[in-house]
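Here is what each chain is made of, one letter per residue.
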Amino acid sequence: MIENGGSRKNAEIDFFGGEPLLNLETVKAAVAHIRQREAETGKHFNLTLTTNTILLTDETLDFLNKENIQLILSIDGRREVHDRMRPFVDGAGSYDTVVAQMRRVVESRQGQNYFARGTYTAYNADFAADVLDLADQGFRRLSVEPVVGKGAPYELTEDHLPELYRQYDLLAQEYLRRKAAGCGFEFFHFNVDLQNGPCLVKRLSGCGAGHEYFAVTPDGDLFPCHQFVGRDEFKLGNVFTGIERREVCDEFRQAHVLTKEECRSCWARFYCSGGCHANAHAYNGTIHVPYQLGCALQKKRLECAIHVQIGLRRQGKG
């Protein structure tokens, strides 16, 4: 990253799994190396770690706080939703344990530098209730994402769209109501900067998978993102040998909103940035044709974000 980052000062490394805390010693060794290289090069690395919280001891939390590592806390929603998707190995629910651990994190960080991150599926298409349950539990920095699971029993389909649209509308209304009442929360997809926002390059290519963003496997293999791991046709190289298939990187670089036919006339293209490449390939067999269900959800989220921004301005908070 340092050798290929040119004059860029800032970069980001995310510890992601599986569960990164199963291999805490590697996390610690990597962080120590990162800090050493920052001092030597003048670069700055933002660090993030995604965890289900189960292995968070006091010592581990102290380390993560000291190193200013942002935490993404995985919880799928309210008790019945979370326990269905994330039971312990003996079948018992993990909700109470996870919520208690999350509270420790939030208290230790004075409510900053974390996100509680959920997933909605066909099992909880009424996901607004999950977001509001998290808010009612005292968590204020929230995000939920649609599941990726082609062929799975919990897969989302176009038949779910009317209900998902309704849930986003309900969430937007309740978001504004709670903000006005002084007990609001932050919801990742409503935090859209309509005036400035990201630069043109970011608007064109989104996450930058395959050319500005890579996933590294435990063996050091490089893939365009974590969702491509295991798809051998997308293996780009290895951290020990570098990028070996630059033609694949170039293909990802060229797969942006001005080259995707479906994106050219879409009003949301410079906020959606063409959607997720991995989902596009999984459902359409190519990264050049957007995943239509994802497009529909992105546009609905943006509509609600615009509604929220207008509402906040009327409240004098925008």
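A brief report on the enclosed structure follows. All of these numbers come straight from a predicted model, not from anything done at the bench. (Residues numbered from 1 in each chain as written. Predicted model: local features only at pLDDT ≥ 70, side-chain atom pairs only at ≥ 80, totals over all residues. Heavy atoms only, no water.)

Of all 6 residues that make up strand S5 (residues 141-146), 5 are buried, and the element is covered over most of its length. As defined by bridge partners, strand S4 (residues 114-120) adjoins S5 across 5 bridges and the pair is classed as parallel. The residue of S5 that forms the bridge with Thr119 is Glu145. Taking the sense of rotation as the criterion, the β-α-β connection linking S4, helix H5 (residues 128-136) and S5 turns out right-handed. Bridge count between S5 and strand S6 (residues 186-187): 2 bridges; the pairing is parallel. By the bridge assignment, Arg141 is partnered in S6 with Glu186. (Buried < 20%, exposed > 50% of the residue type's maximum accessible area, 1.4 Å probe, protein only. Helix = DSSP H or I, 4+ residues; strand = E, 2+ residues; numbered from the N terminus. Pairing = 2+ DSSP bridges. Right-handed = clockwise from strand over helix to strand, strands pointing away.)

With that settled, consider the sheet that holds strand S8 (residues 221-223). Strand order across the open sheet formed by 4 strands is S7-S8-S9-S10, with antiparallel pairing between neighbours. This sheet does not close on itself; its edge strands, each paired only once, are strand S7 (215-216) and strand S10 (242-243). In this sheet, strand S9 (residues 237-238) lies alongside S8 in antiparallel orientation, the contact comprising 2 bridges. Looking at S9, one finds that Asp221 is bridged to Asn238.

Our next topic: the packing of helix H2 (residues 58-66) against helix H4 (residues 95-108). Helix packing geometry: the angle between the two helix axes and the distance between the axes. Where H2 meets H4, the axes come as close as 11 Å, and the angle between the chain directions of the two elements is 40 degrees. For the element pair H2 / H4, the angle class is oblique. Where H2 crosses over H4, the handedness of that crossing is right-handed. Here H2 contributes Asp58, Leu61 and Asn65 to the contact with H4, which in turn contributes Arg104, Val105 and Ser108. When its residues are assigned to classes, the contact of H2 with H4 shows 2 nonpolar, 2 polar and 2 charged. (Axes fitted to C-alpha atoms, helices over the stretch in contact; angles between N-to-C directions. Parallel < 35°, antiparallel > 145°, perpendicular 65-115°, else oblique. Left-handed = near helix turned anticlockwise from the far one by under 90°. Contact = heavy atoms within 4.5 Å. Nonpolar A, V, L, I, M, F, W, Y, C, P; charged D, E, K, R; others polar.)

The rolling of a water-molecule-sized probe over the atoms marks out the regions of remaining empty space. Estimates place the volume of the second largest pocket at around 180 Å³. Every residue lining the second largest pocket is listed: Glu12, Arg35, His44, Phe45, Asn46, Leu47, Thr48, Glu67, Asn68, Gln70 and Asn113. If one sorts the elements of the lining of the second largest pocket by residue count, strand S2 (residues 44-51) sits on top with 5 residues. For the lining of the second largest pocket, the per-class residue count stands at 2 nonpolar, 6 polar and 3 charged. (1 Å grid on protein atoms, 1.4 Å probe; cavity = no way out; pocket = protein on both sides within 12 Å on 5 of 7 lines; lining within 4 Å. Points joined across faces, edges and corners; volume = space filled by probe spheres on them.)

With that settled, the discussion passes to the environment of Arg103. On the secondary structure map, Arg103 appears in helix H4. Once the C-alpha coordinates of Arg103 and Val27 are considered, the two residues, 76 residues apart in sequence, prove to be 23 Å apart. Once residues lying within four places of it in the same chain are set aside, the contact partners of Arg103 are Gln137 and Phe139.

Quick look at the pairing of strand S3 (residues 70-74) now. Within S3, 4 of the 5 residues are buried, which leaves it mostly tucked inside the rest of the structure. Note that S2 and S3 share 4 bridges and pair parallel. The residue of S3 that forms the bridge with Thr50 is Ile72. In this fold, the crossover linking S2 to S3 by way of H2 has right-handed handedness. Both S3 and S4 contribute to a ladder of 4 bridges, which runs parallel. Looking across to S4, one finds that Ser74 is bridged to Arg117.

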